[in-house]
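Summary of structural features
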Protein chains: 4
Amino acid sequence: MAVSRASVARRVLDAAVELFAEQGFDATSVQEVVERAQVTKGAMYHYFRSKDALLYEIYHELITVQLDGMDRILAVGGAGPRTLRAIIVDLVVTTAAQLGAATVSARELHKLAGEPAAALRAQRRRYHEGVRDLIARGQRDGEFGSTVSAQTATLMVFGIVNQLPQWYRPDGATSPRELADEIAGFVLTGLGARAAEEAGDNDTRQERHADR
Amino acid sequence: MAVSRASVARRVLDAAVELFAEQGFDATSVQEVVERAQVTKGAMYHYFRSKDALLYEIYHELITVQLDGMDRILAVGGAGPRTLRAIIVDLVVTTAAQLGAATVSARELHKLAGEPAAALRAQRRRYHEGVRDLIARGQRDGEFGSTVSAQTATLMVFGIVNQLPQWYRPDGATSPRELADEIAGFVLTGLGARAAEEAGDNDTRQERHADR
Amino acid sequence: MAVSRASVARRVLDAAVELFAEQGFDATSVQEVVERAQVTKGAMYHYFRSKDALLYEIYHELITVQLDGMDRILAVGGAGPRTLRAIIVDLVVTTAAQLGAATVSARELHKLAGEPAAALRAQRRRYHEGVRDLIARGQRDGEFGSTVSAQTATLMVFGIVNQLPQWYRPDGATSPRELADEIAGFVLTGLGARAAEEAGDNDTRQERHADR
Amino acid sequence: MAVSRASVARRVLDAAVELFAEQGFDATSVQEVVERAQVTKGAMYHYFRSKDALLYEIYHELITVQLDGMDRILAVGGAGPRTLRAIIVDLVVTTAAQLGAATVSARELHKLAGEPAAALRAQRRRYHEGVRDLIARGQRDGEFGSTVSAQTATLMVFGIVNQLPQWYRPDGATSPRELADEIAGFVLTGLGARAAEEAGDNDTRQERHADR
DNA sequence: GATGAATGAGCTTTCATTCAT
DNA sequence: AATGAATGAAAGCTCATTCAT
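- As recorded in an unreviewed UniProt entry, chain A goes by the name HTH tetR-type domain-containing protein, listed as coming from Rugosimonospora africana.

Have a look at this one:
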């Protein structure tokens, strides 16, 4: 009987996230990973082609969850600011909920090369484009100001979120939701969203709260 | 006679920045560094205690330049928004000018541990506190709105800037200065700086231009 | 229903011959063998004790066919040169027909140790002794010259044949039969067989041709 | 101070030859090599890029010596049979003198791939072509018969010599020189060299004897 | 100041084989 | 008869660092 009920692959992945987040990918040996996962090295390599594959899986899981979140929100439709707020809130909340994976992804992703990495980059690009197009449309419709280009604004948003794992501490005073509102507020204001639209967001906030 | 007039240490550091930025710190061997620097391994170890010391120096040089910039700007004094804009512009411009060092610093700094790293962290903390206090003071004086906490705003600013090396390309259409203005504008708007104060920034822009 | 009608053991062996010949025994993993054979690892180990056992079987099959050939020819009897020619022709023709197995046997056999390998070596020794004794008898009877010792001559014959898989290409201009005649002619001449005896071989040639 | 006066590279190479000849290339670990050479693994990798590089060096040393031998003999010129005999004798004698290297080369060379291996193959090809052309010229001049093609004859000669390490034992009754004469005699006779020319070889035999 | 050979620990990965089902 | 997850030992190789010169 296995040490734990969780599948070997799951345990390995969880251990890897913890260790990569704590020590960094390169500073963590496969030995350490399998020891923490209570698994033999051979078993790990039965499920994962390489150490890099762990990194791939970690990011893939995270980006998939986040893309799904965006897709769900975009499907609902609605005003630009309100939608953007919902996306940012979801992004911040899922990032905070998966702080380990987010830390690892932001820090080590550049190490991934080759074909599978291209797939990940495609997912990330889709996320970026979703946000960028949303902002661009809002600018065209006059929901946002046009001082900042949609492209730069998007990159700033992801800059903020990607860096978040470096300073956000889940045991601190601020809840993920509060932080998400703070960030979303800042971004919307920075984009020159008109006060009227901002006000409308209260509803969204409630809705999403109910979601979880 | 040495291969180049530049000091051994300088050449090593420059080579290290390039390689660490291209391939990552761990993926770069000391051998590669000394080869690119046209220096022998022994010579390198004569000037640097360890491979980590290279990382230390790289970040130290960067943060020192940037701290100096902030200190100079703060010394001038003036209104909060105007000062903050100047700081952000300087930060973005120096980051763009030292893209390699900035890339390495943002990506690999977490690897540094021990006493020397503490000194670096102290410098970084001082930078953060400078910005945070500036924002907090501005909020107290009504120059900025108070929807976002000064602390969160500061972390967002540095999030944006630290992530910048991952997407800014010096050969692109946007000049560092334009980008700096775009970012600064976004942040100031996000902080709810009143239009009047924003207008005043034109002068700052000129001043700094003359600086260089 | 199995993927193919051929028995599991047969398919495994055929796959092993191909792969061992292409890549070498050590460079081929059991995984590759079972994949090419369309068989699971467990099934393979059901039929073969070990990876070495594959090597054993491959050589065993080959040497058995070749020993049978020699035995059949020796049973017919007749003059030394004529008999030797028939043996060499048969050896070359079967080697060319089983080029993969011959390649593997010549190259990797030294890896086999232990009791089963001893059995193989005994078969090989019997083959060598058959040829050697035939030559020695021919020398005693004046059918061959005596410049070369029967032992050395035998080893040269097998040297030639064992090396053959390294250069003979079945898709080349020379047919196995032509090559066999060329080699046999060289060896017989080298042994100083008198022309009269050589001439008599035409009959043998015909006989064997009909065989196949 | 090193364990022995001989250079690290030399000791490693000698150990590798011994072990590869005894156990085979794949069955020998780098660990075993460095242990027998009384050298650390790091030191070995300081001199040799890889385990394969050892194989390369071993064959390179051998083929170089043998090519030099052929070149020297060809430079002297003289009748075909006499020259061919000298080449075969030299080949057999150097093979017997470097039995380990010859064993390894004949058995494991096929493992070498890539650019450096191509260089080795070119050397080997040059050796083959030297012999083949010599035979072909002799056939044209009527020094040899034409029953066997020069190409096949050449391949048989090298087949004999390459297989030699598998059965020649230096502590046996036959000296390398005797063996060489036996083999050369067999080959020349097989090629139909006229007795008159063969007789002339006695001189060559003496000369070469004095050489060493 | 500078060299570069040598160290030795540790890394990722592979693989033949086993065994519960 | 057959599966394929799991084992565990060992392999080749890299690398930051040291030190006699």
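So that's the structure; there's more coming.
Here we look at the protein's contact with DNA strand E
- If you check the shell around DNA strand E, you find 26 residues, and the closest are Tyr45(A), Thr40(B), Thr40(D), His46(D) and Tyr47(D).
- Within 4 Å of the protein, the contacting atoms of DNA strand E are 66% sugar and phosphate, with bases supplying the remainder.
- The separation between a phosphate oxygen of DNA strand E and a polar main-chain atom of Val30(A) is 2.9 Å.
- Between Lys51(C) and DNA strand E, the recorded distance is 2.9 Å, taken from a backbone N or O atom to a phosphate oxygen.
- If you tally residues by element for the surface near DNA strand E, the top one is helix H3 (residues 41-47) of chain D, at five residues.
- Looking at the surface near DNA strand E residue by residue, the classes come out as nine nonpolar, twelve polar and five charged.

What to know about the side chain of Thr94(C)
Residues and elements named next belong to chain C.
- Mapped onto the elements of the fold, Thr-94 is located in helix H5 (residues 80-97).
- By relative accessible area, which is 7% here, Thr-94 ends up buried.
- At 3.1 Å, the side chain of Thr-94 forms a polar contact with the side chain of Gln-66.

What to know about the interface of chain D and chain C
- Residue-level contacts link 27 residues of chain D with 27 residues of chain C.
- The junction of chain D with chain C conceals about 2,400 Å² of combined surface from both sides, 69% of it contributed by carbon and sulfur atoms.
- Contact with chain C buries surface across chain D, with Met156(D), Glu182(D) and Phe186(D) losing the most and accounting together for 27% of the total.
- Counting across the interface, chain D meets chain C through zero salt bridges.
- The interface formed by chain D and chain C holds six residue pairs in polar contact (both at pLDDT 80 or more) in total.
- For the side of chain D that touches chain C, the secondary structure elements donating two or more residues are helix H6 (99-108), helix H8 (150-163) and helix H9 (176-190) of chain D.
- Taken together, the residues of the side of chain D that touches chain C sort by class into eleven nonpolar, eleven polar and five charged.

Here we look at the environment of Phe48(C)
Residues and elements named next belong to chain C.
- With respect to the helices, strands and loops of the structure, Phe-48 is situated in the loop between helix H3 (41-47) and helix H4 (51-76).
- Each C-alpha atom, one on Phe-48 and one on Leu-13, is 9.7 Å from the other, the two residues being 35 residues apart in sequence.
- Discounting chain neighbours no more than four positions away, the residues touching Phe-48 are Ala-9, Val-12, Leu-13, Ala-53, Leu-54 and Glu-57.

A look at the relation of the copies chain D and chain C
- When chain D is brought onto chain C, the operation consists of a screw motion whose angular component is 180 degrees and whose axial shift is 0.1 Å, with 0.1 Å RMSD remaining. Put plainly, the chains are arranged around a two-fold axis. Distance from the rotation axis, computed per C-alpha, reaches its smallest value in chain D at Gly190(D): 1.7 Å.

Some remarks on the relation of the copies chain B and chain A
- Rotating chain B by 180 degrees and translating it 0.1 Å along the rotation axis places it on chain A, where the RMSD comes to 0.1 Å.
- The overlap is high: 100% of the interface residues of chain B also sit at the interface in chain A, so the same surface is used on both sides.

Here we look at the pattern of salt bridges
- One pass over the full model with this rule turns up 44 salt bridges over all chains.
- For Arg85(A), the salt bridge identified is with Asp181(A), shortest N-O distance 3.9 Å. Residue Arg85(A) is found in helix H5 (residues 80-97), and its partner Asp181(A) is found in helix H9 (residues 176-190); the two are separated by 96 residues along the sequence.
- Accessibility expressed as a relative area gives 5% for Arg85(A), which makes it buried.
- The buried category is assigned to Asp181(A), whose relative accessible area is 19%.
- Across the salt bridge formed by Glu22(D) and Arg36(D), the nearest N and O atoms sit 3.3 Å from each other. Remark: Arg36(D) occurs in helix H2 (residues 30-37) and Glu22(D) occurs in helix H1 (residues 8-23); sequence separation between them is 14 residues.
- Owing to a relative accessible area of 52%, Glu22(D) belongs among the exposed residues under this scheme.
- Look at Arg36(D) and you get partly exposed, because its relative accessible area is 38%.
- A single salt-bridge network, built from bridges that share partners, covers Asp26(A), Arg107(A), Glu108(A) and Lys111(A).

Focus on the packing of aromatic side chains
- For the structure on display, the rule yields ten aromatic pairs over all chains.
- For the pair Phe20(D) and Phe25(D), a centre-to-centre distance of 4.9 Å together with 70 degrees between the ring planes defines the contact as edge-to-face.
- Judged by relative accessible area, which is 0%, Phe20(D) ranks as buried.
- Judged by relative accessible area, which is 4%, Phe25(D) ranks as buried.
- Across the ring face of Phe25(A), the terminal group of Lys51(A) is positioned such that the distance to the ring centre comes to 4.4 Å.

With respect to the protein's contact with DNA strand F
- Every one of the 25 residues lining DNA strand F counts as a neighbour, but Thr40(A), His46(A), Tyr47(A), Thr40(C) and Lys41(D) are closest to it.
- The sugar-phosphate backbone supplies 69% of the atoms of DNA strand F found within 4 Å of the protein.
- Within the side chain of Tyr47(C), an N or O atom sits 2.9 Å from a phosphate oxygen of DNA strand F.
- Secondary-structure elements contributing two or more residues to the surface near DNA strand F are helix H3 (41-47) of chain A, helix H3 (41-47) of chain B, H3 of chain C together with H3 of chain D.
- Of the residues that constitute the surface near DNA strand F, the class distribution is nine nonpolar, twelve polar and four charged.

Side note on unusual backbone geometry
- With a phi angle near 60 degrees, Gln38(B) is a residue other than glycine that sits in the positive phi range.
- With respect to the helices, strands and loops of the structure, Gln38(B) is situated in the loop between helix H2 (30-37) and H3.

Description of the interface of chain B and chain A
- The interface is formed by 27 residues belonging to chain B together with 27 residues belonging to chain A.
- Summing both sides of the interface, chain B and chain A together bury roughly 2,400 Å²; the carbon and sulfur share of this comes to 69%.
- Area buried by chain B at its contact with chain A is led by Met156(B), Glu182(B) and Phe186(B), which between them contribute 27% of it.
- Counting across the interface, chain B meets chain A through zero salt bridges.
- Looking at side-chain class alone, the side of chain B that touches chain A contains eleven nonpolar, eleven polar and five charged residues.

Observations regarding the confidence of the model for chain A
Residue and element names in this part refer to chain A.
- For chain A, mean pLDDT is 88; residues scoring 70 or higher make up 89% of the total.
- For chain A, helix H10 (residues 195-211) is the element with the lowest average pLDDT, namely 44, and helix H8 (residues 150-163) is the one with the highest, namely 96.
- Here residues 199-212 is modelled with pLDDT under 50, and outside its nearest four sequence neighbours on either side it reaches 19 contacts, counting other chains as well.

Concerning the packing of helix H4 (residues 51-76) of chain B against helix H5 (residues 80-97) of chain B
Residues and elements named next belong to chain B.
- Contact pair H4 / H5: the axes reach a minimum separation of 10 Å and the direction vectors enclose 160 degrees. It follows from the interaxial angle that H4 and H5 lie roughly antiparallel. Viewed along their axes, H4 and H5 form a crossing whose handedness is right-handed. Only Thr-83, Ala-86, Ile-87, Asp-90, Leu-91, Thr-94 and Thr-95 of H5 make contact with H4, whose side of the interface consists of Val-65, Gln-66, Gly-69, Met-70, Ile-73 and Leu-74.

Structural notes on the environment of Thr174(A)
- As for its placement among the helices and strands, Thr174(A) is situated in the loop between H8 and H9.
- Other than its neighbours up to four places away in sequence, Thr174(A) contacts Tyr168(A) and Leu179(A).

Here's the deal with the packing of helix H7 (residues 114-140) of chain A against H8(A)
All names here are of chain A.
- Contact geometry for H7 and H8: axes closest at 9 Å, N-to-C directions at 130 degrees. Taken together, the axes of H7 and H8 lie oblique to each other. Of the two elements, H7 crosses H8, and the hand of that crossing is right-handed. The segment H7 lies against H8, with Tyr-127, His-128, Val-131, Arg-132, Ile-135, Ala-136 and Gln-139 engaging Ala-150, Gln-151, Ala-153, Thr-154, Leu-155 and Phe-158.
- Of the residues belonging to the contact of H7 with H8, the class tally is eight nonpolar, four polar and one charged.

As for H8(A)
- With 14 residues, H8(A) extends 20 Å from end C-alpha to end C-alpha; this agrees with the ideal 20 Å at 1.5 Å per step.
- When we look at burial in H8(A), the residues that qualify are Ala150(A), Thr152(A), Ala153(A), Thr154(A), Leu155(A), Met156(A), Val157(A), Phe158(A), Gly159(A), Ile160(A), Val161(A) and Gln163(A).
- Considering only its buried residues, H8(A) is in contact with H5, H7 and H9 of chain A together with helix H8 (150-163) and helix H9 (176-190) of chain B.

Here is what the cut-offs are and how they apply
Residues numbered from 1 in each chain as written. Chains lettered and ligands numbered in written order. Predicted model: local features only at pLDDT ≥ 70, side-chain atom pairs only at ≥ 80, totals over all residues. Heavy atoms only, no water. Near = heavy atom within 4 Å. Polar contact = N/O pair within 3.5 Å; in protein donor to acceptor, adjacent residues only side chain to side chain. Helix = DSSP H or I, 4+ residues; strand = E, 2+ residues; numbered from the N terminus. Nonpolar A, V, L, I, M, F, W, Y, C, P; charged D, E, K, R; others polar. Buried < 20%, exposed > 50% of the residue type's maximum accessible area, 1.4 Å probe, protein only. Contact = heavy atoms within 4.5 Å. Buried area = accessible area lost by both parts, 1.4 Å probe. Salt bridge = Lys/Arg side-chain N within 4 Å of Asp/Glu carboxyl O. Least-squares fit on C-alpha atoms with pLDDT ≥ 70 in both. Phe/Tyr/Trp six-rings, centres within 6.5 Å; stacked < 30°, edge-to-face > 60°. Lys NZ or Arg CZ within 6 Å of the ring centre and 35° of its normal. pLDDT = per-residue confidence, 0-100. Axes fitted to C-alpha atoms, helices over the stretch in contact; angles between N-to-C directions. Parallel < 35°, antiparallel > 145°, perpendicular 65-115°, else oblique. Left-handed = near helix turned anticlockwise from the far one by under 90°. Expected span 1.5 Å × (residues − 1).

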